[in-house]
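Residues per chain, in single letters:
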Amino acid sequence: MPNEAEGSGSVSAVVGSVGGAVGVDVDAGGLATLVPGAVSGAVSPAVAAVTDDGVVVPVVEPVRLGSDSWSFVHAAASMLATTATPTTDRRMAPMMPHRCHGPPIADRAGIVRGGAGSVGGVFLTDSFVLDELLDDLATLVSIESPSHDTAALERSALAVSALFERRLGTPATLVPSAAGPHVHWSDGADEPSVLLLGHHDTVFPAGTLRTRPFTVADGRATGPGAFDMKAGIVLAVHALAARRAAGHPVSGVECLFTSDEEVGSAASRALLEERAVACGSVLVLEPSADGGALKTGRKGCGTFEVSVTGRAAHAGLEPEKGANALVELAHQIVAISALGRPDEGTTVTPTVATAGTADNVVPASACVRVDVRIETADERRRVEQAMAALEAVDPDVQLEVTGDIGRPPMPESASTGLFETAGDVAMELGLEPLNGVFVGGGSDGNFTAALGVPTLDGLGAVGGGAHADHEWVDVASLEHRVVLLAALIGRLVDPDR
Ligand SMILES: [Zn+2]
């Protein structure tokens, strides 16, 4: 963390202005304040300033530098991203600090660097710089990217593309879609042999950064989407950069980070399936399971909605004239719950229900949503057929069933070979032995595995709390993940090494 002296001093640059005519000043104690009229003709809109010593501060309200400046720096970045036009955004990008004050995080992480061995074509040298990786993670996390928010996803995609350019020399291609741009990077090799796959959308709504800005504390990096899965994007880029720094080409590698994984991948599925088949193997940078375990299999999953339409009537005067949609729904929920077969890994869980309008009205409508998880294609078929075959108990109501099991299961057979290779690589690197687990949550790896493309998942960050406010990334393990991934990529693009 910067001390008070570091944060004090005058402003060396104002990144835009608020309302077009407001600057910022920082007093000797490090307190940044708005100064109306201090900047004439400044670009608008903007919300941040850069002080003499390179600290970026938001200027929406006075802030005292030196007390959590790390958070302010990245909150400022996020505010820039949410207020600037894309054009302005690009121009402002170089103004982001490349150094972050504070104790060397690498030291805090207690990482012992490897020797001079070579595994998978990666020489374990000092080329990896944890501070740079954390800077990149801060940049991505500080640009919010909720699914469905295409303007935010555009900014996020530009930031991911800029990350490729910064670390690998060439930007990525933005592939437009109805769900926002996907980010595709390739070195142009004719015959790619591995696809690094992930997503840049997150489940967190816009504005989450205000209460939970990117932060590194106690060995944990936090912020919306840090774990799932902006850290995975950064790991992929740094693994490729590590290979290149060690003198190994990154040819044969493609990266694809989509914009709609968290909402079902409808706008990216065709593209990711095409690139998976073209590459022939897929490494998914989704977060790891507990303790860094890789995800060697995933259940298939889907959501159904069952709607009942009945007939309203006065519950006191003439209830017999109604058709009670809620009572019908109760019958259906019991029948739906009975479709689960835990022994075969099938769970069928009614999750959200609504019904009725008032205390004294026979409900005319009712609805339930149902989460389904399956492990086999047979079970997928069975549950889909059973849901489609639901029939109303009350002849006076209508039943409508929509939905399907959109993500097929990712069978463990799809990951067997890659998991063995990863285990060998980890052993040669002297890393902890790798664990592999079968998990209930789905990812885009389900799609690629279902096509028969070898797929290994969970190669992203170690940490926990995916989709929850307490999500976190274990900082100490980041370097090992980079090295593991870089070496595994080496094995896939050049199996003889
Ligand atoms: Zn994810």
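The structure we're discussing is the one just above.
Residues numbered from 1 in each chain as written. Predicted model: local features only at pLDDT ≥ 70, side-chain atom pairs only at ≥ 80, totals over all residues.

What follows is about helix H14 (residues 478–493). With 16 residues, H14 extends 22 Å from end C-alpha to end C-alpha; this agrees with the ideal 22 Å at 1.5 Å per step. Of all 16 residues in H14, 15 are buried, a share of seventy percent or more. (Helix = DSSP H or I, 4+ residues; strand = E, 2+ residues; numbered from the N terminus. Expected span 1.5 Å × (residues − 1). Buried ≥ 20, exposed ≤ 12 C-beta atoms within 10 Å, placed from the backbone.)

Further remarks concern the packing of helix H5 (residues 130–141) against helix H8 (residues 226–245). For any two helices packed against each other, one specifies the crossing angle of their axes together with the interaxial distance. Two elements in contact, H5 and H8, have axes whose closest approach is 9 Å; the angle formed by their N-to-C orientations is 135 degrees. Judged by the angle between their axes, H5 and H8 are oblique. Handedness of the crossing formed by H5 with H8: right-handed. Note on element contacts: H8 touches H5 through Ala-226, Lys-230, Ala-231, Ile-233, Val-234 and His-238, opposite Leu-133, Asp-136, Leu-137, Leu-140 and Val-141. Its residues assigned to classes, the contact of H5 with H8 shows 8 nonpolar, 1 polar and 2 charged. (Axes fitted to C-alpha atoms, helices over the stretch in contact; angles between N-to-C directions. Parallel < 35°, antiparallel > 145°, perpendicular 65-115°, else oblique. Left-handed = near helix turned anticlockwise from the far one by under 90°. Contact = placed C-beta atoms within 7 Å. Nonpolar A, V, L, I, M, F, W, Y, C, P; charged D, E, K, R; others polar.)

One open sheet accounts for 4 strands, arranged E12-E13-E24-E23; its pairing is antiparallel. Where the open sheet ends on each side, the last strands, each with one partner, are strand E12 (215–217) and strand E23 (463–464). Two elements, E23 and strand E24 (residues 472–474), share 2 bridges in a ladder whose sense is antiparallel. Looking across to E24, one finds that Gly-463 is bridged to Val-473. Together, strand E13 (220–222), E23 and E24 form the strand contacts of H8, whose direction differs from that of E24 by roughly 45 degrees. (Pairing = 2+ DSSP bridges.)

Moving on, we get to unusual backbone geometry. The amide bond that connects Asp-228 to the next residue, Met-229, takes the cis arrangement and shows omega of -10 degrees. Backbone geometry at Asp-218 places phi at a positive 55 degrees, although glycine is not the residue there. The residue Asp-218 is located in the loop between E12 and E13 in this model. Even without glycine at this site, His-467 takes up a positive phi of about 70 degrees. Turning to its location among the elements, His-467 is positioned in the loop between E23 and E24. Residue class for His-467 comes out partly exposed when judged on the 13 C-beta atoms lying within 10 Å of it.

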